[in-house]
Amino acid sequence: MSEIVITDNAAASRWEAVQDGQLVGFAEYVEADGVVAFTHTEVPSQFGGRGIAGKLAAASLARARERGAMVRPQCSFYAGWIARNPQYADLVVEEARRS
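The following refers to the structure shown.

### Points about the pairing of strand E5 (residues 70-73)
When a strand is regular, its side chains alternate between the sheet's two faces.
1) Next: The side-chain alternation of E5 yields one buried face, formed by Val-71 and Pro-73, and one unburied face, formed by Met-70 and Arg-72.
2) Next: Alignment of strand E4 (residues 35-42) against E5, held across four bridges, turns out to be parallel. Residue Val-36 lies in a different strand from E5, and its bridge partner there is Val-71.
3) Next: Handedness of the E4-helix H1 (residues 52-67)-E5 crossover: right-handed.

### Side note on the pairing of strand E2 (residues 14-19)
1) Next: Of all six residues in E2, five are buried; the element is thus mostly enclosed.
2) Next: With five bridges connecting them, strand E1 (residues 5-9) and E2 associate as antiparallel partners. When the sheet's bridge partners are listed, Val-5 is paired in E2 with Val-18.
3) Next: The antiparallel hairpin formed by E1 and E2 contains four residues in its connecting segment, where Ser-13 sits at a positive phi of about 55°.
4) Next: As paired strands, E2 and strand E3 (residues 22-32) are joined by six bridges and run antiparallel to one another. Residue pairing across strands places Trp-15 opposite Ala-27, the latter belonging to E3.

The rules behind the values
- Residues numbered from 1 in each chain as written.
- Predicted model: local features only at pLDDT ≥ 70, side-chain atom pairs only at ≥ 80, totals over all residues.
- Heavy atoms only, no water.
- Buried < 20%, exposed > 50% of the residue type's maximum accessible area, 1.4 Å probe, protein only.
- Helix = DSSP H or I, 4+ residues; strand = E, 2+ residues; numbered from the N terminus.
- Pairing = 2+ DSSP bridges.
- Right-handed = clockwise from strand over helix to strand, strands pointing away.

Right, here's the structure in full:
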């Protein structure tokens, strides 16, 4: 098996994880006014347990930081992942930190 490649498919408003030419996971988002709202993350069960969703989160949050964007983790996976990786907590919009 080859490496998992994470890319931003801006035309589809989602980050995608691809391995051997096959989509193995994605994280959907909506972007407006300098805020990226992550709305849904999905990794099919046959690809689970490989850390794919975490790779999607790490790559997309790193890009948000590079661009100076804030994030709204509407997806429960992103909210939990950021809680477990507090180095990204400063990216979360203030109103989402309080909820």
